[in-house]
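One letter stands for each residue in the lines below.
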Amino acid sequence: MDLSSYTYLVVRIKGAAGGEQAHFNLGLGGSTKVFGDFTLDGGAHPVITTSYQDIKIPMVANGINRNSPSQLAMGFWYGGSSTITIDHITFQ
């Protein structure tokens, strides 16, 4: 699927305790990072809270190949444990 017409990967997410951004990784389009290591607009990094929020990850700035993104993969990082709930994942 060609995502070149989209700018952001948007993840609507919450955590059981908050702070889970360091406990799992996300991979898309040749870029795999711990979720909290992705850079948001303005240079901040995602922080998961106990309430749902939309985290907008700019794909180009994070090295995600939008022309050939392959598959989206998520997994808990070594040693991480908690619960995250993802309401939906979209592209904008």
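Residues numbered from 1 in each chain as written. Predicted model: local features only at pLDDT ≥ 70, side-chain atom pairs only at ≥ 80, totals over all residues. Heavy atoms only, no water.

(A) Representation of the side chain of Gln21 within the structure. By the element assignment, Gln21 lies in the loop between strand 1 (8-15) and strand 2 (24-28). According to the relative accessible area criterion, Gln21 is buried, its value standing at 16%. (Helix = DSSP H or I, 4+ residues; strand = E, 2+ residues; numbered from the N terminus. Buried < 20%, exposed > 50% of the residue type's maximum accessible area, 1.4 Å probe, protein only.)

(B) Region of the structure containing the pattern of salt bridges. Under the defined criterion, the tally for this structure stands at two salt bridges. Between Arg12 and Asp54 there is a salt bridge; the shortest N-O distance is 3.2 Å. With a gap of 42 residues between them, Arg12 in strand 1 and Asp54 in strand 4 (residues 53-58) connect regions that are remote in the sequence. Close ionic contact of Arg12 with Asp87 constitutes a salt bridge, the shortest N to O distance being 3.7 Å. Here the residue Arg12 occupies a position in strand 1, and Asp87 occupies one in strand 6 (residues 84-91), the gap between them amounting to 75 residues. A single salt-bridge network, built from bridges that share partners, covers Arg12, Asp54 and Asp87. (Salt bridge = Lys/Arg side-chain N within 4 Å of Asp/Glu carboxyl O.)

(C) Region of the structure containing the sheet that holds strand 4. Strand order in the open sheet formed by three strands is 4-1-6, and the pairing between neighbours is antiparallel. Across the chains shown, the open sheet's two edge strands, defined by having one partner strand only, are strand 4 and strand 6. Averaged over all pairs of adjacent strands, the angle between strand axes in this sheet comes to 25°, irrespective of strand direction. Pairing between strand 1 and strand 4: six bridges, direction antiparallel. Pairing of Val10 across the sheet is with Lys56, part of strand 4. (Pairing = 2+ DSSP bridges. Axes fitted to C-alpha atoms, helices over the stretch in contact; angles between N-to-C directions.)

(D) Representation of the environment of Asn65 in the model. Tracing the backbone shows Asn65 in the loop between strand 4 and strand 5 (73-76). Taking the C-alpha atoms as reference points, Asn65 and Asp2, separated by 63 residues in sequence, lie 9.3 Å from one another. Looking at Asn65, its side chain comes within polar contact range of the main-chain nitrogen of Ser68, at 3.1 Å. (Polar contact = N/O pair within 3.5 Å; in protein donor to acceptor, adjacent residues only side chain to side chain.)

(E) How the structure looks around the packing of aromatic side chains. Counted by the stated rule, this structure contains four aromatic pairs. On the basis of an interplanar angle of 20° and a centroid distance of 4.9 Å, the ring pair of Phe24 and Phe35 is categorised as stacked. With a gap of 11 residues between them, Phe24 in strand 2 and Phe35 in the loop between strand 3 (31-34) and strand 4 connect regions that are remote in the sequence. One exposure class covers both Phe24 and Phe35, and it is buried. Among the aromatic residues, those joined into a ring-pair cluster are Phe24, Phe35, Phe38 and Phe76. The residue whose ring lies beneath Lys56 is Tyr8, and the NZ or CZ to ring-centre distance is 4.5 Å. (Phe/Tyr/Trp six-rings, centres within 6.5 Å; stacked < 30°, edge-to-face > 60°. Lys NZ or Arg CZ within 6 Å of the ring centre and 35° of its normal.)

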